[in-house]
Amino acid sequence: MTLQIKNFKQYQKEYARSVKNPEQFWHDQALSFYWRKPWKKVVEWDFKGPDVKWFIGGKLNITENCLDRHLAERGDKVALLWEPNEADGKTKSYTYRQLHAEVCKTANALKANGIGKGDRVIFYMPMVPELAIGVLACARIGAVHSVVFAGFSAQALADRVNDATAKMIICSDFNKRGKKNIPVKKVVDDAMAMGCPSVETVLCHQNTGQEVDWNPEIDKWWHEELKGRRTSCKPTIMDSEDMLFILYTSGSTGKPKGVVHTCGGYMVYTCYSFRNVFQYQEDDIYWCTADIGWITGHSYIVYGPLLAGATTVMFEGVPTYPDAGRFWEICDKLKVNQFYTAPTAIRALMARGDEYVEKYDLSTLKVLGTVGEPINAEAWHWYDEKVGKGRCPIVDTWWQTETGGIMITPIPNVTETPPTFATLPLPGIQPCLVDKDGNEIAGNDVEGLLCIKFPWPSMIRTTYGDHERCRNVYFSAFENKYFTGDGARRNKDGMYRIIGRVDDVINVSGHRIGTAEVENAINEHDNVVESAVVGYPHDIKGQGIYAYIITNENVTDEEAFRKEVLQVVTREIGPIAKPDMIQVVPGLPKTRSGKIMRRILRKIAEGDVSKLGDVSTLLNPEVVEQIKIGALVELKE
Ligand code: PRX
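Residues numbered from 1 in each chain as written. Predicted model: local features only at pLDDT ≥ 70, side-chain atom pairs only at ≥ 80, totals over all residues. Heavy atoms only, no water.

(A) Main features of the overall build of the protein chain. Across its full length, the protein chain holds 19 helices and 30 strands. Computed over the C-alpha atoms, the radius of gyration of the protein chain is 24 Å, within 12% of the 26 Å expected from 2.2 N^0.38 for a compact globule of 637 residues. For the protein chain, the spread of C-alpha atoms along the three principal axes comes to 75 × 65 × 55 Å. Scored against the burial criterion, the 637 residues of the protein chain give a buried share of 62%. Partitioning the intrachain contacts of the protein chain with sequence separation of at least 6 by distance along the chain shows that 72% fall at a separation of at least 24. Summing over all exposed atoms, the protein chain offers an accessible surface of approximately 24100 Å²; the carbon and sulfur share of this is 49%. Within the protein chain, one finds 76 positive and 82 negative side-chain charges whose respective centroids are separated by 5 Å. (Helix = DSSP H or I, 4+ residues; strand = E, 2+ residues; numbered from the N terminus. Rg over C-alpha atoms; globule rule 2.2 N^0.38 Å. Buried < 20%, exposed > 50% of the residue type's maximum accessible area, 1.4 Å probe, protein only. Contact = heavy atoms within 4.5 Å. Areas by Shrake-Rupley, 256 points an atom, 1.4 Å probe, with all protein chains shown as cover. Lys, Arg positive; Asp, Glu negative; His and termini not counted. Charge placed at Lys NZ, Arg CZ, Asp CG, Glu CD.)

(B) Representation of the sheet that holds strand S19 (residues 367-371) in the model. In space, the seven strands of this open sheet follow the order S5-S4-S17-S16-S18-S19-S20, with mixed pairing throughout. Looking at strand neighbours, the two that pair on one side only are strand S5 (92-95) and strand S20 (394-397), the edges of this open sheet. Recorded for the sheet is a direction-independent mean angle of 20° between the axes of neighbouring strands. As paired elements, strand S18 (residues 338-341) and S19 share four bridges and run parallel to each other. (Pairing = 2+ DSSP bridges. Axes fitted to C-alpha atoms, helices over the stretch in contact; angles between N-to-C directions.)

(C) Focus on the pattern of salt bridges. Within this structure, the stated rule accounts for 44 salt bridges. One salt bridge connects Asp354 with Lys386, and the closest N-O pair in it is separated by 3.4 Å. You can see Asp354 sitting in the loop between helix H12 (343-351) and helix H13 (355-358) and its partner Lys386 sitting in helix H14 (residues 377-387), a full 32 residues away along the chain. Note that Arg489 is salt-bridged to Glu447, the shortest N-O span being 3.1 Å. Separated by 42 residues along the polypeptide, Arg489 in strand S24 (residues 482-490) and Glu447 in strand S22 (residues 446-452) bring together distant segments of the chain. Residue classification places Glu447 among the partly exposed positions, given a relative accessible area of 46%. (Salt bridge = Lys/Arg side-chain N within 4 Å of Asp/Glu carboxyl O.)

(D) Main features of the packing of aromatic side chains. The full count for this structure, using the stated rule, is 43 aromatic pairs. On the numbers, 5.1 Å between centres and 85° between planes, the contact of Tyr300 with Trp399 is edge-to-face. A residue pair is termed long-range when its members are at least 10 positions apart, and Tyr300 in helix H10 (residues 295-307) and Trp399 in the loop between S20 and strand S21 (431-434) qualify at 99 residues. By the ring-pair criterion, three or more aromatic residues cluster together here, those being Phe25, Trp26, Trp35, Trp39, Trp54, Phe55, Tyr269 and Tyr272. Over the ring of Trp82 we find Lys92, and its NZ or CZ is 5.5 Å from the ring centre. Against the face of Phe152 rests Arg160, its NZ or CZ located 4.3 Å from the ring centre. (Phe/Tyr/Trp six-rings, centres within 6.5 Å; stacked < 30°, edge-to-face > 60°. Lys NZ or Arg CZ within 6 Å of the ring centre and 35° of its normal.)

Printed below as a string of structure tokens:
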């Protein structure tokens with residue numbers, strides 16, 4: 001197993017070693033895995049391309065490391081604990097041996113359906129064990145999985161299926177989320193009807209058993225395809241740099257891009273970071289509440305924990321069903337030791353009152369984690385006092401879909417944990433702050449744009465089908481640096497505090513949403529002339545979505561129009577991208593070259609209309625006054 005850092009001196013030593021000799025450092029970490037063939041060279045990199053390769057020449061299969069490798073030592077240990085949506089439902093568990101058998105059976109079923117190395121498989125499923133099993137089954141046979149969060153619309157799903165030219169979609173009949181039963185297969189049918197010519201098979205897992213439409217030429221039942229399959233399956237041997245998965249994420253322009261992660265480096269880094277950030281001990285129960293549709297679920301529900309031989313919990317439901325005590329009830333029932341969630345969930349539960357958390361025995365908790373967005377001091381303290389009872393270190397973990405694993409974070413009982421600080425980089429990670437011209441900002445007590453100046457094993461390799469886009473977005477802003485899109489502060493002790501996105505990306509409840517994407521969706525409404533979308537502070541979601549819309553003269557009933565806009569956005573992207581505020585405006589503030597002045601729109605959305613700066617250079621300064629008046633009315637409503 002990879003090293004676990006136990007004290008601050010050791011952290012400093014390991015960190016210094018990782019910077020001085022990264023090759024040796026990562027060589028040492030990689031040795032604890034099972035490789036079919038060792039690597040010839042640890043790393044080769046060029047950020048101009050970008051062209052980054054780790055563990056060159058190494059051959060492996062990540063599922064041999066997640067499953068087979070553990071069978072001798074911990075075959076009967078629980079690998080996956082699944083908690084259903086209904087509080088009175090039955091917890092399911094899979095030992096490493098059982099999980100291995102299920103993954104092999106599924107892999108054999110995929111093979112029998114024509115899936116092989118390099119083929120792309122899209123998942124559109126709830127948080128049921130079959131999702132984790134399916135993902136691992138793909139990895140077993142070298143197929144590339146791409147999990148699409150099941151809250152996205154048919155249109156968004158079709159876009160991703162087509163971008164990935166996926167051969168198969170794996171879905172469920174219905175999703176259970178709280179009181180709702182969501183017709184997931186129907187969304188897949190709608191996506192197929194929009195045109196997904198590459199898809200040969202839709203494999204449907206029976207989750208609720210409710211009736212679904214069926215196309216016998218394409219649709220197949222998961223349980224029927226698995227029937228009688230062998231419980232062993234030879235792993236396909238992959239190159240370190242073969243693709244493991246694609247995960248779509250939003251950026252500041254255009255459609256979501258497919259972030260590509262590869263096998264070797266991702267394996268080494270997710271295991272290393274998991275073991276250190278959560279200080280997992282052999283008999284611990286670890287729970288990350290994320291959805292596997294996001295990177296957090298990939299790296300810290302599935303791969304990281306299984307690579308480390310951990311017991312990982314997967315929860316089907318929502319934090320507020322049947323009531324706001326559900327998370328804590330599960331922690332109590334399963335005796336959870338490490339708990340990892342998002343600030344938005346903490347804020348939502350905090351708002352419901354302390355009685356829900358006080359009802360349960362949380363004495364098994366040792367480490368609390370947060371991820372996805374900045375955590376405000378109030379939520380941090382509530383988490384610390386009410387959940388952790390002041391005795392569990394909080395790890396505020398900063399990272400991204402593109403980084404594959406946690407980058408800046410405290411290590412429990414090793415690093416000081418000042419509230420709202422992600423604190424220090426893990427060994428192997430070399431962050432820096434730069435000014436807008438790309439000059440590195442030295443020293444402490446400074447603020448700037450967060451970049452990473454040396455490669456790490458689980459970093460993004462490309463954006464699927466469009467390498468130039470990868471270069472443009474991440475590697476062209478500053479020479480020889482990966483640009484994160486975040487702004488950060490480094491305090492007098494050298495600790496990092498993440499401020500938030502500096503580009504046109506909004507972080508809503510820890511989910512990344514591109515303003516351009518939402519604008520494109522809104523513009524699909526026939527009566528929209530132009531729109532501009534910005535983020536604004538929101539008590540629970542962190543950021544909310546504020547849309548300014550110019551309509552044509554056909555809009556007579558503004559209230560009805562707003563509802564239609566919400567429907568259009570739900571149809572084009574999904575409910576998570578629905579604006580929280582919609583203001584119909586007579587115009588948008590523009591520069592003389594026609595660029596929308598988002599800075600002004602952001603200020604108005606924040607309710608901060610006193611200091612808008614100089615607007616005289618605008619093409620249409622009068623429009624600012626009109627928007628201000630409209631906004632004040634809007635915010636009072
Ligand atoms: O702005 C940062 C924010 O989430 C962005 C990455 O989003 P995504 O790729 O969806 O991955 C989220 C889960 C890893 C970052 O650019 N972010 C993530 N973690 C933190 C954070 N902001 C502040 N503090 C964090 N701990």
